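Coordinate analysis (summary)
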Amino acid sequence: MKKKSFVWHPNTQMKEWDSFNEIVKSKGMYLIDSDGNNYFDAVGSMWCNVWGHSKPELTNAISRQCKKLQHSSMFNLTNEPAERLAKSLIKISPGMHKVFYSDNGSSAMEIAIKMALQYWNNIGETKKTKIATLENGYHGDTFGAMAVGYVPEFFGKFKKQLFPTIQIPVPNKYRIPKGYDYLDYQNYCLDKVEKKFSNDDKIASFVMESGAQVAGGVIIFPKGFQTKISKLCKKYNILLVLDEIATGFGRLGSMVQYTEQKSIPDIVSFGKMLTGGYLTMAATLANKKIYDSFLGQFNDWKHLFHGHTYTGNPISAAVANENLKLYKKNNLIKKIQKTSKIFEEYYDKILEIKTVGDIRHKGMLMGIELVKDKKNKTPINPKKSINKIFFEEGRKHGIYLRTLGNIIMLVPPLAISEEELDFLLNRTMDTIKSAENKTT
Ligand SMILES: Cc1ncc(COP(=O)(O)O)c(C=O)c1O
C-alpha cells in the first residue's frame, strides 16, 4: 500500500506523486516495502550501491565506529578513520596530494571549483577567472554545480543567478549533427576546445565528468577524447577538474577512471560509491601544486574558506575504509570487468524492441534510449512522466527503475553476479515491452 508522504521528494512533481511505497528493509540486490514486496535495485539506490544492501562487513564497520566515536569536528582536530581513508584515496589516485571531505557530490564539486579559482588568485594570476565545461554535463544541484553542469530544462529558472561558463559540445555518437561522422565530430569538438583555450587567457579551469556523462544520458567518451582535453589543458596552462562522483570507484570498470583515460587532473572529486552506498560522504582531492598555493601566513588569507559540520565524519570514513578493504579482498574491479560482458550479450535483443533507439554501456552502467520511431530518433514523449510510467511498470516486474528523460538507467550495485544481471536485463526488457502502449 502506498503511503501519503510528509517529505518533499527530490526532482519530483509532487502532484503526480501523492503517495509512495515505503521501503522498510533491504537485502542483497533487493529493497523490500511495507507490504513485503521485493524490488531489484536497478539504480543502485541512485548509483551509489556497491555490494548490495545490508552487507554485514559494512554494517558492522558502522556499528563498531558508532561505539567509539560518532562525530568529532575536522576544525582544529582530526580522527583516525578520516586520516586512514585520506591516505588510501591518495594511494589509489595518481598525482593527488591532499583530501578535502564533504557530505555529497554537489558539495565536492563546489569545493573543486573554489580550489581551482582560488589557486590562480593565490599565485597572483587574478585575471584567470573563467570556467570551461562540456555541454550536457551534470555536477549536482547547488549553485556552482548548476553553473558548470547547466541543464536548461532543470536550471533555466536560475540562469540569471548562475555564473556564465564556456560550453564545448560533446560527441554523442547517437545524435551527431548532420554533415559529420563520429570521428569528424570528435575532432570538431576538440578543435573547439583548442580554439577557446588559445583565444582566451582568462580560462582558469576545464571541468568535466571523467569517462562519461551519466546524468546527461550515458554519453560515453570516445577513446582518446579525455586524454586530448587533458593535453590541451597542459598546453594552455588551464587546470583540469574531473568529476568521478558517478564514474569512479569501478562504475565504468576502473577504480579511478582518469588512469584509464590517461588524463591526470589537478583536482578530482569522488562520492556516491565511496562508502559502498551506506553513508553520505564525498571527497575532493588536489595535487601538490594546488595545495601548496594555499600555504602562507595566517593573515595572507590564502586558506580555503570552506567547511561543513560533518566534514570527515568518522562513521562515514570507517565504512568507506571497510568498503575499500572489500574492493581489494574481492578483486572487485576484475569482477566488474567480467560481469559487465553480460550486458554485451543482450545488445541485439534490447535493440530489437520497437521503442529502443540506442543503448550505451560501459562497465556497470547502461543507458537505454527510448524513441517514438527508430528512423527519426524522435524521443518518446508521453503525457505522463516517463519516469512514473517506468517506475510503475518496473514495479510490476519486480524491479526499481528510475529513468532520466527518455533514457532508462541501469546502474546496479557493482558486485552484482552474472545471474543477477541476467535477471535484471530480462526484467528490464519485459518492462519496456509491457510499457510500449503507454509510451507511444
Ligand atoms: C557526475 C556527478 N557529479 C555530481 C553529482 C552530485 O552528487 P550528489 O547527488 O551526491 O550531490 C552527481 C549526482 O548524480 C553526479 O552524477
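Residues numbered from 1 in each chain as written. Predicted model: local features only at pLDDT ≥ 70, side-chain atom pairs only at ≥ 80, totals over all residues. Heavy atoms only, no water.

Basically, it comes down to this: UniProt positions are given in the numbering used here, feature names are shortened, and annotations may be inferred rather than shown by experiment.
Looking at an unreviewed UniProt entry, one finds the chain named Adenosylmethionine-8-amino-7-oxononanoate aminotransferase and attributed to Nitrosarchaeum koreense MY1. In UniProt, the chain has this text filed under Cofactor (unreviewed entry): "pyridoxal 5'-phosphate".

1. What about helix α15 (residues 418-439)?
Put simply, the rule is: Under the DSSP-based scheme used, a helix requires at least four consecutive residues in state H or I and a strand at least two consecutive residues in state E, with every element numbered from the N terminus. Every helix has an expected span of 1.5 Å times one less than the residues it contains. Burial here depends on accessible area, computed with a 1.4 Å probe over protein chains only, as a share of the maximum for the residue type. Under 20% is buried, over 50% is exposed, and the range in between is partly exposed.
Here α15 spans 30 Å end to end across 22 residues, near enough to the 32 Å set by a 1.5 Å rise per residue. Those residues of α15 that fall on the buried side of the exposure criterion are Leu421, Leu424, Leu425, Thr428, Met429, Thr431, Ile432, Ala435 and Thr439.

2. Digging into the site of the ligand
The condition that has to hold: For this purpose, a residue is taken to be near a molecule or strand whenever a single non-hydrogen atom of the residue falls within 4 Å of it. The definition of a polar contact used here is a pair of N or O atoms within 3.5 Å, where within protein one atom must be able to donate a hydrogen and the other to accept one, and adjacent residues in sequence count solely through side-chain atom pairs. What sets the accessible areas is the Shrake-Rupley method with a 1.4 Å probe; for residues, cover comes only from the shown protein chains. Throughout, the ten residues Ala, Val, Leu, Ile, Met, Phe, Trp, Tyr, Cys and Pro are labelled nonpolar, Asp, Glu, Lys and Arg are labelled charged, and all others, Gly among them, are labelled polar.
In the neighbourhood of the ligand, the contacting residues comprise Trp47, Asn104, Gly105, Ser106, Tyr138, His139, Gly140, Glu209, Asp243, Ile245, Ala246 and Lys272. Between Ser106 and the ligand, the recorded distance is 2.6 Å, taken from a side-chain N or O atom to an oxygen atom. Between the ligand and the protein, one listed contact pairs a nitrogen atom with a side-chain N or O atom of Asp243 at 2.6 Å. In the complex, 83% of the free accessible area of the ligand, which totals 390 Å², lies under the protein chains. Per-class residue counts for the shell around the ligand are 4 nonpolar, 5 polar and 3 charged.

3. Quick look at the packing of aromatic side chains
Note the following rule: In summary, the pairing rule links any two rings of Phe, Tyr or Trp, Trp by its six-membered ring, whose centres are within 6.5 Å, and it sorts them by plane angle into stacked for under 30 degrees, edge-to-face for over 60 and tilted for everything else.
Evaluated as defined, the whole model comprises 19 aromatic pairs. When the ring of Tyr119 is compared with that of Trp120, the centres are 4.8 Å apart and the planes differ by 75°; the resulting orientation is edge-to-face. We classify Tyr119 as buried; its relative accessible area is 7%. Judged by its relative accessible area of 1%, Trp120 falls in the buried class.

4. Focus on the UniProt feature "binding site: substrate" (unreviewed entry) in the chain
The condition is simple: By definition in these notes, contact holds between two residues if any of their heavy atoms fall within 4.5 Å.
With numbering matched to this structure, UniProt assigns "binding site: substrate" (unreviewed entry) to Tyr138, Lys272, Gly307 and Arg402. For the residues just named, distributed over 265 residues, the greatest C-alpha separation reaches 32.3 Å, placing them at more than one site. Note that Lys272 resides in the loop between β13 (267-270) and β14 (282-286). Residue Lys272 is classed as partly exposed on the basis of its relative accessible area, which comes to 27%. Ignoring any residue separated from it by four or fewer positions in sequence, one finds Lys272 in contact with Met46, Trp47, Cys48, Ile245, Ala246, Gly277 and Met281.

5. Section: the pairing of strand β4 (residues 30-33)
Defined as follows: Any two strands are treated as partners once DSSP identifies two or more bridges connecting them.
Bridge count for strand β3 (residues 23-27) against β4 is 4 bridges, and the pairing is antiparallel. Note that in β4 the partner of Lys27 across the bridge is Tyr30. Connecting β3 to the antiparallel partner β4 that follows it, the hairpin turn spans 2 residues, and Gly28 within it adopts a positive phi of roughly 55°. Between β4 and the antiparallel strand that follows it, strand β5 (residues 38-41), lie 4 residues; Gly36 among them carries a positive phi value of about 85°.

6. Some details on the pairing of strand β20 (residues 407-410)
Residues Ile407 and Met409 point to one face of β20 and Ile408 and Leu410 to the other, with burial holding for every one of them. Note: strand β16 (residues 365-373) against β20, 4 bridges, orientation antiparallel. When the sheet's bridge partners are listed, Gly367 is paired in β20 with Met409. As paired strands, strand β19 (residues 403-404) and β20 are joined by 2 bridges and run antiparallel to one another. The residue bridging Leu404 from the neighbouring strand is Ile407, located in β20. Here β19 hands over to β20 after 2 residues, with Gly405 in that stretch at a positive phi of 55°.

7. Observations concerning the sheet that holds β3
Spatially, β3-β4-β5-β18 is the arrangement adopted by the 4 strands of the open sheet, whose pairing is mixed. A single partner strand is all that each edge strand has here, and the edge strands are β3 and β18 (399-400). Inspection of the sheet shows β4 paired to β5 by 3 bridges, in the antiparallel sense. What sits directly across from Ile32, in β5, is Asn38.

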